[in-house]
Amino acid sequence: MNGVRTTSGKQHEPLGKLFAKLPKRALSRVGVVDVGSNSIRLVVFDGAARSPAYFYNEKVMAGLGAEMAATGKLNPKGVVRGFEALQRFAALAKGMDIEPLTCVATAAVREAEDGPAFRQKVERETGLKLLVIDGEEEARLSAQGVLLGWPDAKGLVCDIGGNSMELAEVANGQVGRRVTSPLGPFRLQQVKGGKEGLRKHIRKIVLDLAEKMGADHDRIYLVGGSWRAIARLDMERSDYPMTVLHEYRMTPKAVEETVEFIAASNLSEIRSKVNISSSRMELVPLATRVLSELVSVFKPKDLAVSSYGIREGLLYEHMSETLRKRDPLIEAARFSERQMARIPGFGRKLHDFLQPVFGDVPPERDRLIRAACLLHDTTWRTHPDYRAEACFDNVTRANMAALSHSERVFLGVSLLHRYKNNRNNSPMARFFALLSEDELRDAEILGKAMRFGAMFAIDDPSDAATLKLRRRDKVLSLQLTRTGRSLMGEVAVSRFKSLCAAMGVEPSIET
């Protein structure tokens, strides 16, 4: 990237160089401010870890771009709220010792007649320098945010803001073609001609986008608050058991049904049920029209919600290629183990010890087994009566990337069985429907394997015993060393037999 050109024609330094110039003390925490058309948000990442840890996260719905399409200027009330928010963010950054903040401004400040004056006032009175980026750079950063959460992402990233909507291709860890459009809800409020005029206006622009970006994308990744609000309403309509929005999937048919549900509903009533702000809910009906046309024209097989966008894209900008290639799930699990486990580092050894139980499994399953082993002891401080439910709840709600909802539940069930022999009458039962019977069985086996393996919580469980699965004979043998014989009490024997029962094999203990 040679430079970011704004509508004023000024050149800005490449963002990678900006990060490289941060003083080393700041690299332990990366602070980002995203000044959008609707919201202004401060995010402080706790270091440039592969899976983002949110040290601080605050949003103000300033509405800078409201009515800008009609007036050509920033919304006066939005300017006041936005400036107050940026003053606060500057003070917070100073208190957290993360100066300078990297501040990115998008469509509203980029296109408003008084955008330069707003920037100058902010810099003069707060010390924050707003880096105004063009639409294509906005698309690139949003796409990088998706890649941070989905390293294997392939499809079309669609980021909707208040005054614009950007598209970008992602595949093989790279961002390809990208384009910006005026399909933000604030702009659409100014379109004349009633519902039919609005429909034709949106259709024409979406068809043009399809011509530029191609309509052969199996998946659309949805970035932006309006999309997340629609997804949350889809969850409400379908009585979906989980409320984590990141990696939530919708089919085109589900989108159609939810658009109809929103159109037929009292917005105030459904807003209160799902905790969506009134300012966000006001834009949802217009966003549904855009989403309907996107589905109609691009015909994706599914749509996936991403909670990661520009801000995470800025963090991704800071990462080395080596760091980018790491698995976000495993990195997050390692971080949790270091912070919360009684014996940090034991999880990897537990995985190696239990490997014969699972044999040669596909990579996508092995990463879940590895993650579970790393997390198996991270809720030990919870009251014993609630550990099983607490670890399930933690992992299904955790801020982890590269983890589908069914995979979250798989990890949750395995960790539940790490602390509890059965899941009868579990308060988490409604989540189990996201897994097949085979997946539930595999998760139970993993949990019971960890429950047994934890009995050998010495430096390395392999020093105590070796496991061997004789598939033809349907026998799981446990070969104990001298150390293992000392550790193999009646509880360990009971847990070993429970594991074998879940696997459908006979136990064999050899000394």
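This one's a predicted model, so the numbers in the text were calculated from it and none came from an experiment.

J.: Which residues make up the sheet that holds strand β14 (residues 465-470), and what are the values?
T.: Strand order in the open sheet formed by three strands is β14-β15-β16, with mixed pairing between adjacent strands. In this open sheet, the two edge strands, each paired with only one partner strand, are β14 and β16 (506-510). In this sheet, adjacent strand axes meet at a mean angle of 20° when their direction is disregarded. Strand direction decides the pairing type here: β14 and strand β15 (residues 475-480), joined by six bridges, are antiparallel. Its bridge partner being in β15, threonine 466 is matched across the sheet by glutamine 479. Against the sheet, helix α17 (residues 346-358) engages β14 and β15, with an angle of about 15° to β14.

J.: Could you give an account of unusual backbone geometry, with specific residues and numbers?
T.: A negative phi angle is the norm for most residues apart from glycine, just as the trans form is the norm for most peptide bonds. Phi is positive for aspartate 97, which is not a glycine, with a value near 60°. If you trace the backbone, aspartate 97 turns up in the loop between α3 (76-96) and β6 (102-105). Overall, the relative accessible area of 44% leaves aspartate 97 in the partly exposed class. Of note, lysine 474 is a non-glycine position whose phi angle comes to about 55°, a positive value.

J.: A description of helix α19 (residues 387-397) should follow, citing residues and the corresponding values.
T.: Where α19 is concerned, the buried positions are Ala388, Glu389, Ala390, Cys391, Phe392, Val395 and Thr396. Buried residues along α19 sit in contact with α18 (363-375) and α20 (405-419).

J.: Now, about the pattern of salt bridges: what can you tell me, with residues and values included?
T.: Pairing is possible between side chains that carry opposite charge, provided their charged atoms lie close to one another. Following the criterion strictly, the structure yields 38 salt bridges and no others. A salt bridge links glutamate 331 to arginine 334; the shortest N-O distance between them is 2.9 Å. A residue pair is termed a helical-turn pair when its members lie 3 or 4 positions apart in one helix, as glutamate 331 and arginine 334 do in helix α16 (residues 328-340) at three residues. For glutamate 331, a relative accessible area of 17% gives the class buried. Classification of arginine 334 by relative accessible area gives partly exposed; the value is 39%. Between arginine 470 and glutamate 510 there is a salt bridge, with the nearest N and O atoms lying 3.9 Å from each other. With arginine 470 in strand β14 and glutamate 510 in strand β16, the pair connects residues that are 40 residues apart, well separated along the chain. Among the ionic contacts, a cluster of salt bridges with common partners joins Arg110, Glu111, Glu138 and Arg187.

The rules behind the values
Residues numbered from 1 in each chain as written. Predicted model: local features only at pLDDT ≥ 70, side-chain atom pairs only at ≥ 80, totals over all residues. Heavy atoms only, no water. Pairing = 2+ DSSP bridges. Helix = DSSP H or I, 4+ residues; strand = E, 2+ residues; numbered from the N terminus. Axes fitted to C-alpha atoms, helices over the stretch in contact; angles between N-to-C directions. Contact = heavy atoms within 4.5 Å. Buried < 20%, exposed > 50% of the residue type's maximum accessible area, 1.4 Å probe, protein only. Salt bridge = Lys/Arg side-chain N within 4 Å of Asp/Glu carboxyl O.

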